[in-house]
Structures are given as structure tokens and as C-alpha cells.
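Descriptive structure summary
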Amino acid sequence: MEIVKMDRMKAVWNGDGKNMEEQNEKEEYGDVVPEEAGSQDGKAASEEDGTDTEADASSKRAKNVLKEFFSWVMVVVCAFVLAFVITHYVIIKAEVPTGSMISTIQIDDRLIGNRLAYLFSDPKRGDIVIFPYPDDERETYIKRIVGLPGETLEIVDGVLYIDGIVYEEDYLNEPMVGSFGPFTVPEGHYFMMGDNRNHSWDSRYWTNHYVEKGKILGKAWLRYEPSWGLLK
């Protein structure tokens, strides 16, 4: 009976010692977290990382969409600004409703004029120009420059005299009739007439006979409708 009791005590001691050794090993290596709990925490961390990655991707896509949208907005705005600058400071478009410039310009021709043509130079005789009608600037006219600043023009029986010298014009639709003038053109102004001379309301008839240089909107140089062609 005594031997049996000692064997039991030894067995218990061996068992307890083994347990103590295992616990000491785990404490020594820091392995105090149960394996199942560690796996669950890792899984949760992985799920959280996946959620963060998806959120980042969604945020990046949203930023790309906004960036693309604003880039298109900038393109449209720049196009409008460029069109405004070109049409208000570089070119002028005009539609001719009358036959006063036949045969050079026909009724309903659409033209483009150069607003910068006289930025560094003065208008020349023979230039076709666009300008506000001196007697009512709400209307826009297109005529040919015939008289320059300081010149005296007179038409006698259909013959044009500039400073007493006959001036021949090869662009007229038909021979001119009638007598007009004399007209002395003030400095900085121009005398205008239409190429269809017998059917043109121009400087010969206006109350304000002359067009100031600063009022000239542009030099007409291109017809783009109904057909293309340079104006001479």
C-alpha cells in the first residue's frame, strides 16, 4: 500500500511538472495566445485590409472622374474664350443684303474681314472695308475706299476726278452716270463708294460724307459662302 501511494505521487508530480514545463516554454517564447484566437484575429485583419483597399480604389476612381470632368470643362471654356477673342478682336463676319457692291460682291454673300489689317498701317485706296453707317451706326456697311485723307474728289458726267486728275476704276459694274461734289476728305477720314456705282447708297449721298479711320471695323478679304474667294 505504501509503494502504491508513492507511485501515485510520482505520477502526479510528473504530470504537474510536464504541465509546468509546457507553460514555461510558452511564456518564454511569448506564445500565450491560443492558436484559434490568433487565426480569427488574422482573418479579421485581412478582411479589414481588403475593405480599406476597396475603399481606396473607389476613392481613386471618383478622383479620376472629377479630374476628367474638369479637364473637359476647361476645354469648353477655353474654346469659348478663344472664339470670343477671335470674333471680337481678330476677324469680323458680315452678310451683304444689297447689291451695292455687284459685281465684286453678290447679294447674300457672307464675308470675313480682318480687324487687325490697319493696326500698323493706314487704309489704302481700293480696299473693301466694313464700317458702321455714319448716319446711323446701328447699321453696318461694306464699301470700297475711293478717297483718302486730304484729297478732293469730284464726279463730272460720270468721270471721277481726284485732285483734278481723272481716276479710272476697273472694278465698276457699269459706267457711272451723274455729277457729284466736289468733296474734300478731312484728315483721318475716307470717302466710300460701291462698285455698283449707279445703285449704291454711299458717301455721295450721306449727310456725314466721310468715315473715320477709327470706325473701320475691318478689311474684307474673303468670301466663304456661297463660294470661296478672295476679294479684290
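Keep in mind that this is a model prediction, so the values were computed, not measured. (Residues numbered from 1 in each chain as written. Predicted model: local features only at pLDDT ≥ 70, side-chain atom pairs only at ≥ 80, totals over all residues. Heavy atoms only, no water.)

Description of a nonpolar patch on the surface
Defined as follows: In this analysis, a patch consists of residues with relative accessible area above 30% that form no salt bridge, clustered at 9 Å for like charges and at 5 Å for the nonpolar side chains Val, Leu, Ile, Met, Phe, Trp and Tyr. Note on areas: these come from Shrake-Rupley sampling with a 1.4 Å probe, and a residue is covered only by the protein chains present in the view. Any carboxyl oxygen of Asp or Glu that lies within 4 Å of a side-chain nitrogen of Lys or Arg is treated as forming a salt bridge with it. Numbering goes from the N terminus for both helices and strands, where a helix is a DSSP run of H or I of at least four residues and a strand is a run of E of at least two.
Among the surface-exposed residues, Leu-66, Phe-69, Phe-70, Val-73, Val-77, Val-81, Phe-84, Val-85 and Tyr-89 lie close enough to one another that they form a single nonpolar patch of about 850 Å² accessible area. Along the polypeptide, Leu-66 turns up in helix α2 (residues 35-90).

Observations concerning the confidence of the model for the protein
For clarity, the threshold we go by: Confidence scores here are pLDDT values: one per residue, from the predictor, ranging 0 to 100. By definition, residues are in contact when any of their heavy atoms lie within 4.5 Å.
On average, residues of the protein score 82 in pLDDT, and 78% of them are at 70 or above. Note on residues 1-38: pLDDT under 50 across the span, and four contacts to partners over four residues away in sequence or across chains.

Overview of the packing of aromatic side chains
We count it as follows: Pairing of aromatic side chains here covers Phe, Tyr and the six-membered ring of Trp, requires ring centres within 6.5 Å, and sorts the geometry by plane angle: under 30 degrees stacked, over 60 edge-to-face, intermediate tilted. Any residue under 20% of the maximum accessible area for its type is buried, any over 50% is exposed, and the rest in between are partly exposed; the area is computed with a 1.4 Å probe on protein chains only.
Applying the stated criterion across every chain yields a total of 10 aromatic pairs. Where Phe-180 meets Tyr-205, the ring centres are 5.5 Å apart and the plane angle is 80 degrees; that geometry is what we call edge-to-face. Of this pair, Phe-180 sits in strand β8 (residues 180-184) while Tyr-205 sits in the loop between β9 (189-193) and β10 (210-212), and the two are 25 residues apart along the sequence. Accessibility expressed as a relative area gives 17% for Phe-180, which makes it buried. Ring geometry for Tyr-224 versus Trp-228: centroids 6.5 Å apart, planes at 55 degrees, classification tilted.

A word on the sheet that holds β8
Where we set the bar: DSSP calls a pair of strands paired once it identifies at least 2 bridges connecting them.
Ordered by their spatial adjacency, four strands build an open sheet running β7-β6-β5-β8, and the pairing between neighbours is antiparallel. Each edge of the open sheet carries a strand with a single partner, namely β7 (165-166) and β8. Relative to strand β6 (residues 159-162), strand β5 (residues 152-156) runs antiparallel, the two being bridged by four bridges. Bridge pairing in β6 places Glu-154 opposite Tyr-161.

A closer look at the nonpolar core
Note the following rule: In this description, a nonpolar core means a group of buried Ala, Val, Leu, Ile, Met, Phe, Trp, Tyr and Cys residues linked to one another through side-chain atoms lying within 4.5 Å.
Val-146, Leu-153, Ile-155, Leu-160, Phe-191 and Met-193 are the most contacted members of the largest nonpolar core, which has 13 residues in total. If you list the elements that add at least two residues to this core, you get β5, β6, β8 and β9. Not counting the four nearest positions on each side in its chain, Ile-155 is found in contact with Leu-160, Met-176, Gly-178, Ser-179, Phe-180, Met-193 and Arg-204.

Some points on the pairing of strand β4 (residues 140-147)
Along a regular strand, successive side chains alternate from one face of the sheet to the other. By the criterion of burial, β4 is predominantly enclosed, with seven of the eight residues buried. Here five bridges tie strand β3 (residues 128-132) to β4, and the two strands are oriented antiparallel to one another. Note on β4: the bridge partner recorded for Ile-130 is Ile-142. Bridging between β4 and β9 involves three bridges; their strand directions are antiparallel. By the bridge assignment for β9, Gly-147 is matched with Phe-191.

Here's the deal with the pairing of β9
Burial within β9 is extensive, with four of its five residues counted as buried. In this sheet, β10 lies alongside β9 in antiparallel orientation, the contact comprising three bridges. When the sheet's bridge partners are listed, Phe-191 is paired in β10 with Tyr-210.

A few points about the environment of Thr-184
Just so we agree on the cut-off: Polar contacts, as used here, are pairs of N or O atoms within 3.5 Å; protein pairs need one atom able to donate a hydrogen and one able to accept it. Residues neighboring in sequence count only if both atoms are side-chain atoms.
When you line up the elements, Thr-184 lands in strand β8. According to the relative accessible area criterion, Thr-184 is partly exposed, its value standing at 48%. A sequence separation of 32 residues divides Thr-184 from Thr-152, and the C-alpha atoms of the two residues are 4.2 Å apart. Among the polar contacts listed, one links the side chain of Thr-184 to the side chain of Thr-152, at a separation of 3.1 Å.

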